Structures are given as C-alpha cells and as structure tokens.
Amino acid sequence: MAESALVVAGLGGLLGLLVGSFLNVVIYRLPKMLEHQWMAECAEMSGKKAEETSTFNLVRPRSRCRQCGHQVLWFENIPLLSYVFLRGKCSACHSPIGLRYPLVELVTGVLFFGCFWRWGATPAAVAWCGFSAALLALALIDWDTTLLPDDITLPLLWAGLVASALQWTSVTLVASLWGAVAGYLSLWLIYWAFKLATGKEGMGFGDFKLFAALGAWFGWQALVPMILMASVIGALVGIALKFASGLREGGYVPFGPFLAGAGLTAMVFGPQSILRVAGL
C-alpha cells in the first residue's frame with residue numbers, strides 16, 4: 001500500500017515538474033499579454049487604430065533566450081535536467097539563466113508530490129494541485145509586476161466553491177461561500193478605511209479577490225489565521241527591505257505573495273497551525 005502511494009505521489013511530482021515549466025511561461029507572459037490587451041482597448045476607446053503586433057500568447061512565439069534570441073530547443077526545456085546539463089547558461093550565448101526557472105519547477109513538483117501523497121489518486125489531489133500552482137503563479141506575478149490577474153484569481157475562487165460543493169475539501173459549501181464573501185469584504189473595508197484616513201491606496205483589488213479565493217477554499221474560519229500570517233511576514237519583509245534599501249519606487253511591498261504563502265501554509269499544515277505557532 002505504501003509503495004503504491006509512493007508511486008502515485010512520484011508520478012504526481014513528475015507532473016508537477018512539467019506544470020512548473022509551464023508556470024514559468026505564465027508568470028512571464030501573462031502580464032505582458034494583459035498589457036497588450038489594455039493598450040489595444042485604450043486605442044479603441046480613443047478612436048485610434050491599434051498597432052499591429054505579432055502573435056504573443058502562452059504558446060506563441062516559442063521560448064527564446066532574452067539576450068541573444070536563441071530559440072529554446074525541446075531538449076533544452078526539460079524541467080530541472082536541462083538547467084543542470086546547460087550549467088545554468090544559454091547554449092548559444094552562454095548568458096546566465098535565472099535560478100528562478102528551475103526553482104519554480106522544483107517547488108511545483110514538491111507541492112504536487114505532497115498533494116498526491118496526502119490525497120492519493122483522487123479528484124481532491126488534482127484540485128489541490130491546481131490550487132498550489134495558481135498560488136505560486138500569483139505570488140511571483142504580483143512580486144514582479146504588482147498585478148494579481150483576474151484570469152487566475154477568479155477561476156481560483158470559483159474552483160474553491162466547486163471543490164467544496166463536490167466535497168473535495170473538508171469545507172462545507174456554506175462555509176466556503178461565506179469565506180469568499182468575508183474574504184473580499186474584509187480587505188475591501190480595510191482598503192477604504194486606509195484610503196479615507198491617508199488618501200493613499202494600501203492594496204489593490206486583486207488582493208480582495210485572492211483573499212476571497214482563500215476563503216472559498218478554507219472557509220471563513222480560516223481567514224483570521226491566514227491574514228495574521230500574511231500581515232506579520234509581509235511587515236517583517238518590508239522592514240528588512242527598507243533597511244537593505246531594497247524597496248521599489250514608492251516604498252511598497254506587494255501583499256499578494258504573503259497571502260499566497262499563507263494559503264500554501266494552510267494547505268500543508270492547516271489554518272489553525274498558524275495560530276498555534278503564534279501562540280494564540
């Protein structure tokens with residue numbers, strides 16, 4: 001029994017490596033696709049003709065080296081292995097390949113392995129794998145661009161409600177529904193309170209939707225531990241970056257990565273474990 005579970009988890013981990021490779025594409029390309037879309041919409045609303053651009057989506061054009069334009073061949077795109085064989089450099093110009101690429105693949109593989117080890121070959125495991133992949137992509141996109149795309153946050157929210165309705169999670173549909181409502185409204189109220197008090201925007205609307213999605217997956221009872229963890233870690237990272245002069249222009253730190261981290265922690269250890277660590 002244990003051997004079969006290990007085989008299933010191992011296959012899940014291999015699937016995670018492949019999905020992680022695709023997530024690297026999503027993390028890099030989705031924000032640029034949204035920018036192109038917004039520029040086209042702005043041009044249309046202003047009565048101007050949108051500039052003709054080459055096809056750019058998650059499939060085309062094929063991946064290339066950002067330095068020399070070398071098209072990445074299939075054997076140069078094998079998760080983890082290609083990075084090792086290429087020694088972390090482009091095969092054409094020998095420019096360094098960012099360490100993030102293999103790390104995203106590795107983390108996704110580990111998360112998928114854990115999901116299939118815990119839930120076995122079940123729809124629940126697939127659902128939580130999708131949850132993990134979405135949070136990882138959102139965390140890195142938000143860190144890079146301060147965007148939390150609706151293309152990911154809204155499907156994640158609906159998936160939480162559907163998973164609850166199909167009993168793929170331990171959360172009842174009622175708790176999931178109110179979790180989504182409370183998650184959105186809580187940050188929405190904080191946003192407006194902060195804006196009325198300071199005249200500044202403390203967070204974006206994507207944070208509301210992401211927290212609503214977490215509420216849908218874990219229920220309203222889990223919202224306090226997750227927001228507590230995200231806020232404390234976010235504050236500590238912000239302070240560390242300030243002392244290290246690492247804050248970006250405007251002196252802000254995106255909140256989405258810390259919400260995503262709280263969500264992954266809740267998935268692995270349970271929401272109440274966060275409160276126990278905090279001594280509450």
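It should be emphasised that the depicted structure is a prediction, and the values quoted were computed from it without experimental measurement. (Residues numbered from 1 in each chain as written. Predicted model: local features only at pLDDT ≥ 70, side-chain atom pairs only at ≥ 80, totals over all residues. Heavy atoms only, no water.)

Looking at the overall build of the protein chain
Just so we agree on the cut-off: In DSSP terms, a helix is any run of H or I states spanning at least four residues, a strand is any run of E spanning at least two, and both are numbered starting from the N terminus. Atoms counted for the radius of gyration: C-alpha only. Globule rule: 2.2 Å times the number of residues to the power 0.38. The cut-offs for exposure are 20% and 50% of the maximum accessible area for each residue type, with area from a 1.4 Å probe on protein chains only; residues under the lower value are buried, those over the upper are exposed, and the others partly exposed. Contacts are assigned to residue pairs with any non-hydrogen atoms lying within 4.5 Å of each other. Here the accessible surface of atoms and residues is derived via Shrake-Rupley with a 1.4 Å probe, and residues count as covered only by protein chains that are part of the display.
Broken down by element type, the protein chain carries ten helices and zero strands. Mapped from its N terminus to its C terminus, the protein chain presents α and β elements in the order α-α-α-α-α-α-α-α-α-α. A globule of 280 residues ought to have a C-alpha radius of gyration of about 19 Å, and the protein chain, at 20 Å, matches this closely. The principal-axis extent of the C-alpha atoms belonging to the protein chain is close to 60 × 55 × 40 Å. Burial analysis of the protein chain (280 residues in total) assigns 40% to the buried set. Within the protein chain, contacts between residues separated by at least 24 positions form 70% of all contacts whose residues are at least 6 apart in sequence. Carbon and sulfur atoms provide 68% of the accessible area of the protein chain, an area that totals close to 16,100 Å².

Brief notes about helix H1 (residues 2-45)
The line we're drawing: Between the first and last residue of a helix there are one fewer steps than residues, each counted as 1.5 Å, and that sum is the expected span.
Over its 44 residues, H1 runs 60 Å from end to end, which matches the ideal 64 Å to within 8%, given 1.5 Å per residue. Gly47 lies just past H1 and shows a positive phi near 80 degrees.

Let's talk about the environment of Phe113
With respect to the element layout, Phe113 can be found in helix H3 (residues 100-119). A relative accessible area of 32% places Phe113 in the partly exposed class. Separated by 105 residues in the primary sequence, Phe113 and Phe218 place their C-alpha atoms 21 Å from one another. Filtering out sequence-adjacent residues up to four positions away, Phe113 remains in contact with Leu6, Ala9, Gly10, Gly12 and Gly13.

Observations regarding the packing of aromatic side chains
Which entries qualify depends on this criterion: Ring geometry is summarised as follows: Phe, Tyr and Trp rings, the Trp one being its six-membered ring, pair when their centres sit within 6.5 Å, and such pairs are stacked at plane angles under 30 degrees, edge-to-face over 60 and tilted between the two.
Throughout the structure, instances matching the rule amount to 14 aromatic pairs. Each ring, one from Trp119 and one from Trp128, has its centre 5.5 Å from the other, and the planes form 10 degrees; the classification is stacked. When its relative accessible area of 22% is taken as the criterion, Trp119 is described as partly exposed. With relative accessibility at 6%, the residue Trp128 sits in the buried group. Aromatic side chains Trp128 and Phe218 sit 5.5 Å apart centroid to centroid with 40 degrees between the ring planes, which places their arrangement in the tilted category. In this pair, Trp128 sits in helix H4 (residues 123-145) while Phe218 sits in helix H7 (residues 205-218), placing the two residues 90 residues apart along the sequence. Taken together, the ring pairs connect Tyr184, Trp188, Tyr191, Trp192, Phe205 and Phe208 into an aromatic cluster.

A few points about the side chain of Ser82
Its place among the elements puts Ser82 in helix H2 (residues 81-85). Not counting residues within four places of it along the chain, the set of residues in contact with Ser82 comprises Phe75, Glu76 and Asn77.

Looking at the packing of H7 against helix H8 (residues 223-243)
Selection rule: Note on geometry: axes are lines fitted to C-alpha atoms, helical ones only across the stretch in contact, with angles between N-to-C directions running from 0 to 180 degrees. The cut-offs work like this: below 35 degrees is roughly parallel, past 145 is roughly antiparallel, 65 to 115 is roughly perpendicular, and the gaps in between are oblique. Two helices cross in a left-handed way if the nearer one is turned anticlockwise from the farther one by less than a right angle. They cross in a right-handed way if the turn is clockwise.
For the pair H7 and H8, the least separation of the axes is 10 Å and the interaxial angle reads 140 degrees. Our classification of the angle between H7 and H8 gives oblique. Of the two possible hands of crossing, H7 and H8 adopt the one that is right-handed. Only Leu223, Met226 and Ile227 of H8 make contact with H7, whose side of the interface consists of Phe211, Leu214, Gly215 and Phe218.

Quick look at the environment of Pro225
Note on placement: Pro225 falls in helix H8. Sequence separation between Pro225 and Ala262 is 37 residues; the distance between their C-alpha atoms is 8.4 Å.

Things to note about unusual backbone geometry
Glycine aside, residues mostly have negative phi, and peptide bonds are mostly found in the trans state. The step from Arg60 to Pro61 runs through a cis peptide bond, and the omega angle for that step is -10 degrees. Note that Pro61 resides in the loop between H1 and H2. Of note in the backbone geometry, Leu80 takes a positive phi value of approximately 65 degrees without being a glycine. Relative to the elements of secondary structure, Leu80 occurs in the loop between H1 and H2. Positive phi outside glycine occurs at Gln167, with the angle close to 60 degrees. Position of Gln167 relative to the elements: it lies in the loop between helix H5 (150-165) and helix H6 (173-198).

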